[in-house]
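Each chain is listed here by its residues.
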Amino acid sequence: MRHGEVENPEGVLYGRLPGYHLSELGRKMADRVAEHLAPRDITYVCASPLERAQETAAPIAKAHGLDLDTDERLIEAENVFQGKTFGVGDGALQRPGNWKHLVNPFRPSWGEPYVDQVVRMMGALNAAKDRARGHEAVLVSHQLPVWIVRSYVERRRLWHDPRKRQCTLASLTSFTYLGDKIVSVGYSEPAIDLVPAHLRAGAQPQKGGGTQGKAFGA
C-alpha cells in the first residue's frame with residue numbers, strides 16, 4: 001500500500017525527512033482502506049519507519065487486532081533533491097548547480113539506484129510472505145519503491161516517466177504468491193474518491209507545474 005496524503009503546505013520533496021505526517025484527508029484515506037480490508041485474512045501489518053507510512057498502517061493493524069511492525073526496507077527512495085521544491089518550471093530544476101544530478105535517468109543519478117530499491121523491496125515482500133504464509137499481509141511503503149518493485153516483477157524497464165506511475169495515494173498493489181513464487185500482481189484504489197484528481201495515477205502536471213512535481217517521491 002502507498003500511504004495517504006501528507007500535510008505539506010510548502011510543497012517540498014520530503015523524501016526521508018522526519019516530521020511529515022498525514023493530513024486530515026490522508027487520515028480519512030487510511031481509515032477508508034482499513035475499512036476496505038477489514039474482511040480480509042490479514043495476519044501481518046508492517047510499514048516504512050516514516051511517519052506517514054506508520055500512520056497509514058495503524059488503522060489496518062488495529063482493525064485486525066495486530067501489532068504494527070516496521071521494516072526499514074520499505075522506506076522511501078533516497079533523493080538528492082530532498083527538502084527542496086521540485087516542480088516543473090520552478091524549484092530545484094531551475095538551478096544550474098542541480099543539473100549534474102540529472103545526467104543519467106537510467107540509474108537514476110539523482111538518487112537511490114533502481115536496482116537497490118528492487119533488492120530491498122523484494123526482501124521486504126518475501127519476509128512478509130513468510131510471516132503471513134497461508135494468509136495475507138499488508139505492507140505500507142511509498143510511491144517510487146512500490147512502482148519499481150512492481151515494474152521488476154512485471155518485467156518492465158525500471159527507468160520511467162514519474163507522471164505515469166500507477167500508484168495513487170492509498171492505493172493497493174497486490175502480489176500473490178504460490179509457494180515462494182509471485183504468480184500475479186493486482187492493483188486497486190479503495191479511496192480513489194478521496195484523492196484529488198490531479199494526484200491520481202497518470203495525472204499530468206497542471207499549468208505552471210507545481211502539484212505533480214510536489215508529489216514526486218511521495
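This text gives an overview of the structure that appears in the document. Every value quoted in this text rests on a predicted model; they were computed, and no experiment measured them.

Quick notes on the rules
Residues numbered from 1 in each chain as written. Predicted model: local features only at pLDDT ≥ 70, side-chain atom pairs only at ≥ 80, totals over all residues. Heavy atoms only, no water. Pairing = 2+ DSSP bridges. Helix = DSSP H or I, 4+ residues; strand = E, 2+ residues; numbered from the N terminus. Axes fitted to C-alpha atoms, helices over the stretch in contact; angles between N-to-C directions. Core = buried A, V, L, I, M, F, W, Y, C linked by side-chain atoms within 4.5 Å. Buried < 20%, exposed > 50% of the residue type's maximum accessible area, 1.4 Å probe, protein only. Phe/Tyr/Trp six-rings, centres within 6.5 Å; stacked < 30°, edge-to-face > 60°. Lys NZ or Arg CZ within 6 Å of the ring centre and 35° of its normal.

## A short note on the sheet that holds strand β1 (residues 42-47)
Stage number 1. Across the sheet, which stays open at both edges, the three strands sit in the order β2-β1-β3 with parallel pairing between neighbours. Sheet topology places β2 (68-70) and β3 (136-140) at the edges, where each strand pairs with a single neighbour. Here the average twist between neighbouring strands, direction ignored, is 30°.
Stage number 2. Looking at chain direction, β1 and β3 are connected through five bridges and run parallel. Across the sheet, Ile42 pairs through a bridge with Glu136, a residue of β3.

## Notes on the environment of His36
Stage number 1. In this fold, His36 is placed in helix α1 (residues 24-37).
Stage number 2. A C-alpha to C-alpha distance of 8.9 Å links His36 and Ala191, two positions 155 residues apart in sequence.

## Quick look at the nonpolar core
Stage number 1. Formed by 22 residues in total, the largest nonpolar core has its most connected members in Tyr44, Leu74, Met122, Leu125, Leu139, Ile148 and Val149.
Stage number 2. Sorting the residues of this core by element identifies β1, α3 (114-131), α4 (143-153) and β4 (172-178) as the ones contributing at least two each.

## Focus: the packing of aromatic side chains
Stage number 1. The full count for this structure, using the stated rule, is one aromatic pair.
Stage number 2. A cation over an aromatic ring shows up here: Arg157 above the ring of Trp159, its NZ or CZ 3.8 Å from the ring centre.

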